[in-house]
Amino acid sequence: MPEFCDVALPVPLEMTFTYRVGEATPVVGGRVLVPFRTTRLSGIVTALHDTPPSVKAKSVIIAIDAAPVFDEALLKLGNWIAQYYIAPIGEVFRTMLPLMAEVKQQWMYTITETGHTMLYESATVGSSRRSKKSVDEQMLEYEVLNHLASAGEEAVREQTLRSATGAKKATLADMLRKKWIAREDTSHIRDASRTVRVAVLRQAPAPPDAKEAKKLNDNQQVLLLALTVGGGRVRIEEMHRSCSQVPRTTLQTLVKRGLVEIVEEPADFSVSSMHSKEPLGFTLNVSQKSALEKVNAAVEAGKFSVSLLHGVTGSGKTAIYLSAMQQVLAAGRAAVLLVPEIGLTPAAAANLYRIFGEQVAILHSALSNDERAEQWHRIHNGDARIVVGTRSAVFAPVRDLALIVVDEEHDSSYKQEETPRYNARDVAVMRGKLSGAAVVLGSATPSLESFHNSQKGKYALIELRDRVEARPMPEVEIVDLRQEFQQTGEDQIFSRRLLEELGQRLVLGEQAIVLLNRRGYSAVVLCRSCGETVQCKNCAIAMTHHKGSPRLECHYCGYRLPVPHICPKCNSEHIYFLGTGSEKVEDRLHTAFPQARIGRLDRDTVRGRHDFERVLNQLNAGELDILVGTQMVAKGHDIHGVTLVGVVGADFALGFPDFRAAERTFQLLTQVAGRAGRGSTPGKVILQTFYPEHYAIQFAQQHDFNGFAAKELQYRRWMHYPPFTAVANLLIRSDKLDLALRYSGDIGKWVTNTRMEGVRVMGPAAAPISRLKRDYRYHFVLKAQSREKLNAVLRALLNHAAEREIPRTNIIADVDALSLL
């Protein structure tokens, strides 16, 4: 066994760390638990060797895996992501491996001599010596010190200490800084058997009387109700997610009172409540059969290839995906299907379950840590060879990968907005290359990058020009809201034509979808006296009014405020609510059609992973007449009863300072229009806009993707934007304005004084959203014909920032940025 190993750790440093192997037996591609500064971290072994480092090496604590968790292809993929997206390799591997549940981090606390002294002084002298702090804070510190002193020499777990004293992490951190307490990281590997903790409601001999019920506080009654609704047994993680407002200590109180019992059970994960045991058969038309033959030929060739499946909405792309995956499984190989949204995963998994049974595994971020680990192990062990999931599923450890399908490949959800900022579509292409697999990118509105690659011959183009069963594309009628206002003299949410069509659908017993891609009730809260708008305290963004809660909320950081009755600046009572969101659309539709059954699908109504499925099931079962929603209603839903789609505000996104604004508008309008007329009855779309002459809206009306692409690509070529150049957005951020200015100014001087052949750098400039989540933001936009030159400049720039001691966490390098906001 070599003496040393290099380990990639999940820290924001673009390097690996060398450790002495010691008594451990690590393997390349496997995990190890190692000491790092004052804590313990798990990392991936990237190399074994006998070359000693320049400093004294610490020893590996334990080798977690006897066999690699990453094969050679996945290791290469991780390194490619780190190089291409300029991301720390350890953070890349952490993203790729959803096994956090198997390493339990645990901090143990003890009281120090200084702490004993302070405890004694607090008890004898009182709190006057530390008068700068509030009495509550002093009492909290006293409680912590007293609890630790009572434990003697025995260390106390952080969770136990916080539960017993009510101390927050900030309080403990402050006491650590003052050296009143000490802590030790005792992180360890959990038992290999995968179990879940379940709360079980104990059966009472008789219903509690009113006097007994009064002894239960509101939080305790909420948990007992959740257990009762769940049939008396609920997973603890699921309970904490659904009752997030209830402190975790409440459950322990119920256990102590004998009302609830906590047991551990073997992990068991169901694919979807929508599944049926009946096999799902396909009758493909001539175009679908031709497309399937091309996909199967690419798979059977046994080498890397990329095909762009461009089919109009309702052309049957899903049937082609599933038929191709049937062929793959019959050959004893594996396939991965990526979908853009968590909400689409249950439906996709249900279809796959009907065909492939227990061979299906699901991977997405809404699963608990234990559920993700369970699914990962099923795939790694070969028990599941068909994987469906969101962007993280591209890293599924399948054996003998033959096919990767990226559904709705244009969707921005495939781009991760935190480190590593990868695009799962592009990572899927690279994984296919490293694994020798066929990759299929499918969409009715392909990204211009993918479409351009097909035009150049880099990707094979497969087209489906017609809907299945010769169904017609929906008729799209444009309503000019400027003329509507001139004719009615009123600024209304719904045009007369849209109300008329909705009324007809209700009479005929048909269904409708109404889209407004903005949630909430009102977009802006304004004082009519002084003109002040209520802004988020953390972001340079107006707060959105939500009527149902009621509250004001920032949709970027989640900050909330009560709805004001007077202006916070001038105390005027003339508060005015401007703008429209999906909540107001639903409210006004209830007023216009009181007899209609109306549902809403947006981030406010979809809180858990089953909410999305529930609403779509209601629409599919005919229990809803009208579904209102944001872009969530536009993606991949095949509801045959929907014959009308109304778009309330078609052109909002066209005003964004983003070169992709026209492309996104065209994609959204085309996708939502495609929800209409998927059954036997032809569909219709009413598209309301203030800008009917814009080419994105004109081409969306005609269902003409090729016409739109030709025009938009012409503009992109003139302005040197993707796909004709590579673009990166370099964001400088700090919670202190002077530091953000100094950092961006320093980098700006380096840019001015450095020769960068083939790379154009614009900036520094304030980001369109100049403050976000308490950080002030400035950015540089980099363009280059050569990705290699762009990457080299970015790395040189980051090296300069390191030399100038600009923290790496204050710089975000977003390669192939989808948004410049």
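Data block above holds the structure.
The rules behind the values
Residues numbered from 1 in each chain as written. Predicted model: local features only at pLDDT ≥ 70, side-chain atom pairs only at ≥ 80, totals over all residues. Heavy atoms only, no water. Helix = DSSP H or I, 4+ residues; strand = E, 2+ residues; numbered from the N terminus. Rg over C-alpha atoms; globule rule 2.2 N^0.38 Å. Buried < 20%, exposed > 50% of the residue type's maximum accessible area, 1.4 Å probe, protein only. Pairing = 2+ DSSP bridges. Contact = heavy atoms within 4.5 Å. Axes fitted to C-alpha atoms, helices over the stretch in contact; angles between N-to-C directions. Patch = residues over 30% accessible without salt bridge, like charges linked within 9 Å, V, L, I, M, F, W, Y side chains within 5 Å. Areas by Shrake-Rupley, 256 points an atom, 1.4 Å probe, with all protein chains shown as cover. Salt bridge = Lys/Arg side-chain N within 4 Å of Asp/Glu carboxyl O. Expected span 1.5 Å × (residues − 1). Arc of directions from axis to C-beta. Polar contact = N/O pair within 3.5 Å; in protein donor to acceptor, adjacent residues only side chain to side chain.

Chemist: Report on the overall build of the protein chain, specifying residues and quantitative values.
Modeler: Helix and strand counts for the protein chain come out as 25 helices and 35 strands. The C-alpha atoms of the protein chain give 29 Å as radius of gyration, which agrees with the globular expectation for 821 residues (28 Å, within 12%). Counting only C-alpha atoms, the protein chain reaches 85 × 70 × 70 Å along its principal axes. A total of 821 residues make up the protein chain; the buried ones form 53% of that total.

Chemist: Can you explain the pairing of strand 35 (residues 811-815)? Please cite residues and give values.
Modeler: A regular strand places its side chains so that they alternate between the two faces of the sheet. Of all five residues that make up strand 35, five are buried, and the element is covered over most of its length. Along strand 35, one buried face is formed by Ile811, Ala813 and Val815 and the opposite face, lined by Ile812 and Asp814, is buried too. Alignment of strand 32 (residues 726-734) against strand 35, held across five bridges, turns out to be antiparallel. The residue bridging leucine 730 from the neighbouring strand is alanine 813, located in strand 35.

Chemist: Break down the pairing of strand 22 (residues 511-515) for me, citing the residues and quoting the values.
Modeler: Burial analysis of strand 22 places five of its five residues in the buried class, which makes it a mostly covered element. Across the two faces of strand 22 the burial is the same, with Gln511, Ile513 and Leu515 and Ala512 and Val514 all buried. Sheet topology note: the strand 22/strand 29 (residues 626-629) ladder contains four bridges and is parallel. Following the sheet pairing, isoleucine 513 is matched in strand 29 by leucine 627.

Chemist: Quick rundown of the sheet that holds strand 7 (residues 107-111)? Include the residues and the values.
Modeler: Read from one edge to the other, the open sheet built from three strands follows the order 8-7-9, with strand pairing classed as antiparallel. Across the chains shown, the open sheet's two edge strands, defined by having one partner strand only, are strand 8 (156-157) and strand 9 (181-185). Taken together, the two bridges between strand 7 and strand 8 define a ladder with antiparallel strand orientation. Counterpart to tyrosine 109 in the pairing with strand 8 is valine 156. Contacts from helix 6 (residues 169-177) reach strand 7 and strand 9, with the element oriented near 110° to strand 9.

Chemist: An account of the sheet that holds strand 26 (residues 560-561) is requested, with residue identities and associated values reported.
Modeler: Spatially, three strands are ordered 24-25-26 in an open sheet, and the strand pairing comes out antiparallel. Two strands in the sheet have a free side with no partner beyond their single neighbour: strand 24 (544-546) and strand 26. Pairing analysis gives two bridges linking strand 25 (residues 551-553) to strand 26, with the strands arranged antiparallel. Counterpart to glutamate 553 in the pairing with strand 26 is arginine 560.

Chemist: Requested: an account of a nonpolar patch on the surface, with residues and values cited.
Modeler: A cluster of nonpolar residues, Tyr715, Trp718 and Met719, forms a patch on the protein surface that exposes about 350 Å² of accessible area. Examined against the element boundaries, methionine 719 turns out to sit in helix 23 (residues 705-719).

Chemist: An account of the side chain of asparagine 296 is requested, with residue identities and associated values reported.
Modeler: Structurally, the position occupied by asparagine 296 is in helix 11 (residues 286-300). Looking at asparagine 296, the relative accessible area reads 10%, which means it is buried. Asparagine 296 has contacts with Ala324 and Gln327, leaving out every residue within four places of it along the chain.

Chemist: Hey, could you go over helix 21 (residues 661-673) for me, with residue numbers and the actual values?
Modeler: Along an α-helix, residues three or four apart share an orientation, since each turn contains 3.6 residues. Over its 13 residues, helix 21 extends 18 Å from the first C-alpha to the last, a length consistent with the 18 Å expected when each residue adds 1.5 Å. Along helix 21, the residues classified as buried are Ala661, Ala662, Glu663, Thr665, Phe666, Gln667, Leu669, Thr670, Gln671, Val672 and Ala673.

Chemist: I'd like a rundown of helix 11, residues and numbers included.
Modeler: Spanning 15 residues, helix 11 covers 21 Å between terminal C-alpha atoms, matching the ideal 21 Å at 1.5 Å per step. Within the span of helix 11, buried status applies to Gln288, Ala291, Leu292, Val295, Asn296, Ala298 and Val299. Viewed end-on, helix 11 has its buried residues packed into an arc of 155°, placing them on one side of the element. Of the exposed residues in helix 11, those oriented more than 90 degrees away from the buried face are Val286, Glu293 and Glu300. Tucked into the core, helix 11 has its buried residues touching strand 14 (305-311), helix 12 (317-330), strand 18 (401-407), strand 19 (438-443) and strand 20 (460-464). Looking at where helix 11 begins, the residue whose side-chain oxygen comes 3.2 Å from the main-chain nitrogen of serine 287 is asparagine 285. Looking at the residues trailing helix 11, positive phi occurs at glycine 302, about 70°.

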